[in-house]
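Structural overview for review
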Amino acid sequence: MSTLILLRYAAVAIVLAAVATAQSAAQQLSPAAPPTPSSLPTPLMGWNPFNAFGQNYDEHSIDDAAQQLVALGLRDLGYRFVDIDDSWWLRREPETMAIRTNLYPSARQAHGTTSFRPLVQRLHSMGLKAGIYTDIGRNTCSQRWEKTANMPEGTQAQREVGSFGHQQADAHLFFSEWGFDLVKIDACGVADYTSAAAVVRGGTFRAFEPPLIVRGKPAESKPEDLASLYASFWRSAVNATSEHLPIVSICAWGEDDVNDWGSRSGQMWRTSYDVKANWKSVLYNFDSAAPRSLFAGPGRWNDPDLLEVGNGEFDKDHLTEARAHMSMWAVIAAPLIISTDLRKVSPAILDILRNPEVLAVDQDPAGNQGVILSQAQDGETVVKTLSHPGTKAVALINRSDHPLTLSLGLSEIHLSSQAPVMVRDVWRGTSTRLQGATITVQLMPKETALLRVEGTPLENKATFPDEMPARIRVLEDGFKPNDRTPDRQWVPARIGFLPYGEPILHENRQDTSAIGVAAGSRIQIDLHGDFKRIELTPRAMSSAVGTYSIFADGKPIQTRSANGRATVLHVEHVQTLELVAPAGGPDHTSFAWAQLRFER
Ligand code: GLA
């Protein structure tokens, strides 16, 4: 472990002590290992009630959904996790939590106690997994924002049903006593309960101050404190489970630099606020996750939120949009969580949710999130390298409401035009042999073509960064601007673009083999001894040049002035490579590891 990481742990421990005074000393020590890749090797698939029902559902809705998942064949296609989401609490009690039995009658036990074990056992006996919900603060999102009759009751302390100060007890209850497999941990409790809120002023709730998330204001938020709280829940959850690692789904809506720390405390994290069943919202949530391919891989996934397939502008009268939505989520390896009423779902929508070739794109075992190859106002091309050699999933997205033609050269996806190339349209179910070196599609308004392209690598022995994002991780973001909010397109590290989204150019064309990073950043590339030599051009993106360093398996192999000259690294047997960009300054915020190629 590098000194930097140790220092980081130390800083996290100090912050934790300051924030979570209610936690025991034992919880603050013993850093647990982060989630493993095998704890969620491919993006999660399942069902959640929130988009379908808001807070208006009960145990019957959950049971019905579970039965439908089985009856409609969705479970067998991989949709296994059934979440209960918010609004299940009656009140916190000294040793446990009372469940709202008017909504969950099967939770009623002898002697007036309650337990979710019967519901969890029902789900398990159907071959499904069970997910529960909590908040990282003292109170929840529904308590703050919803006006339903089914809110927690009792004294102020009894209504504090969030996990703050109770991580150990709650994790034990959820995983060990009740047997859940997953917890979604929301964050309204650390964002929306300041003393300025009327419900706090009026005494309904206790203030949570200072808030750890000030929505849209990263400079006023407290990402390290929030990371510590999630880390503390993760450790408690690991301690509470025996056979498998728990699944933790972090719901901090892309705030507080969740990309930095999410993978240490959970297997997936939301990248934006709640998706709505309209085109603009689906594009917005897609955009929040799509540029972040360097943050995803087996065991760590960007989560642009639940599917709206079947709802609103993605219902049976909008199949083009529904297919586009599904294609976008699949090509960026997003969790696929159905959130429509499966009792009423139409056959055409089911065909979309069940398309096995689309699901195979999402669930491809290499775990590469698709990389944006080109992006314009109307059209966008995203390419996901699949595990089968020479095979790519390509999404050609018409974001606009007019027809559009989009093209893609085979060389842009590193395939040869000298060998046969098969193009499979996974929605139309057609396969054609490509004539020429360019794939062209004519798209209807809001249509996405999802293609599986199978050919021969252009260069037999070379691999490029956009073909292996799952092997790359960002260890340190480096320079962070104050406008890095979910609705700004600032991404600390990405392929082909600088953090603010300007394409990285080489000889007037976009260099899609470049990794654009922030000054002072560190990225790690898992080579696993697979490569012999690497070519790259470290390039300062401003007049300030600075010095970069490269480490192989922790040992420095190159420290040079970033003067834009190409260099070669000999990396036979090297497992991990670390690229450290020159430190930043006010006029020097980004850097590019350009023209990267990895040779076997
Ligand atoms: C927040 C989350 C949603 C949902 C609701 C429930 O808004 O982002 O996904 O869980 O809370 O109240």
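Treat the numbers as computed from the prediction; the structure is a model and nothing was measured. (Residues numbered from 1 in each chain as written. Predicted model: local features only at pLDDT ≥ 70, side-chain atom pairs only at ≥ 80, totals over all residues. Heavy atoms only, no water.)

**What about the overall build of the protein?**
Across its full length, the protein carries 15 helices and 31 strands. For 600 residues, the compact-globule formula gives about 25 Å, and the C-alpha radius of gyration of the protein, at 24 Å, lands near that figure. Projected onto the principal axes, the alpha-carbon positions of the protein cover approximately 75 × 55 × 45 Å. Here the protein holds 600 residues, and 59% of them are scored as buried. In the protein, of all internal contacts separated by at least 6 residues, the share reaching a separation of at least 24 is 72%. (Helix = DSSP H or I, 4+ residues; strand = E, 2+ residues; numbered from the N terminus. Rg over C-alpha atoms; globule rule 2.2 N^0.38 Å. Buried < 20%, exposed > 50% of the residue type's maximum accessible area, 1.4 Å probe, protein only. Contact = heavy atoms within 4.5 Å.)

**Re the side chain of Ser142**
Checked against the element boundaries, Ser142 lands in helix α7 (residues 141–145). For Ser142, a relative accessible area of 1% puts it in the buried group. If we skip the residues at most four places from it in the chain, Ser142 touches Gln55, Asp86, Ser87 and Met151.

**So, the nonpolar core**
Judged by nonpolar contacts, the single largest core of 107 residues is most densely connected at Tyr79, Trp88, Tyr104, Phe116, Trp178 and Met326. Mapping this core onto the domain boundaries places at least three of its residues in each of domain 1 (85–110 + 131–266) and domain 2 (371–460). In this structure, Phe116 is in contact with Ile84, Trp88, Ile99, Tyr104, Ile132, Trp178 and Phe180, ignoring residues within four places of it in sequence. Counting residues in hydrophobic clusters, the runner-up holds 32 residues, among them Ile495, Ile550, Leu569 and Val571. (Core = buried A, V, L, I, M, F, W, Y, C linked by side-chain atoms within 4.5 Å. Domains from an automatic or database assignment.)

**Remarks on the pattern of salt bridges**
Pairs can form between side chains of opposite charge once their charged atoms are near each other. Summed over all chains, the structure comprises 32 salt bridges. Asp425 is paired through a salt bridge with Arg428; the nearest N and O atoms lie 3.2 Å apart. For Asp425, a relative accessible area of 10% gives the class buried. With a relative accessible area of 56%, Arg428 lands in the exposed category. (Salt bridge = Lys/Arg side-chain N within 4 Å of Asp/Glu carboxyl O.)

**A short note on the confidence of the model for the protein**
Residues of the protein with pLDDT of at least 70 account for 94%, and the chain-wide mean is 93. Within the protein, the lowest mean pLDDT, 38, falls on helix α2 (residues 25–28), and the highest, 99, falls on strand β10 (residues 336–338). Within the model, the stretch residues 1–30 combines pLDDT values under 50 with 44 contacts to residues more than four positions away or in other chains. (pLDDT = per-residue confidence, 0-100.)

**Things to note about the packing of helix α4 (residues 59–71) against helix α6 (residues 117–125)**
The interhelical angle for the contact between α4 and α6, taken along N-to-C directions, is 15°, at an axis separation of 10 Å. With respect to their mutual orientation, α4 and α6 come out roughly parallel. In terms of crossing hand, the pair formed by α4 and α6 is right-handed. Here Glu59, Ile62, Asp63 and Ala66 of α4 come into contact with α6, specifically with Leu119, Arg122 and Leu123. Here the residues of the contact of α4 with α6 are counted per class, giving 4 nonpolar, no polar and 3 charged. (Axes fitted to C-alpha atoms, helices over the stretch in contact; angles between N-to-C directions. Parallel < 35°, antiparallel > 145°, perpendicular 65-115°, else oblique. Left-handed = near helix turned anticlockwise from the far one by under 90°. Nonpolar A, V, L, I, M, F, W, Y, C, P; charged D, E, K, R; others polar.)

**Concerning helix α12 (residues 279–289)**
With 9 of its 11 residues buried, α12 lies for the most part within the structure. Within α12, burial applies to Trp279, Ser281, Val282, Leu283, Asn285, Phe286, Asp287, Ser288 and Ala289. Where α12 is buried, its residues contact β9 (301–303), α13 (319–331), β12 (379–385) and β13 (391–398). For α12, the side-chain oxygen to backbone nitrogen distance between the N-cap and Lys280 is 3.2 Å, and the N-cap itself is Asn278. (Polar contact = N/O pair within 3.5 Å; in protein donor to acceptor, adjacent residues only side chain to side chain.)

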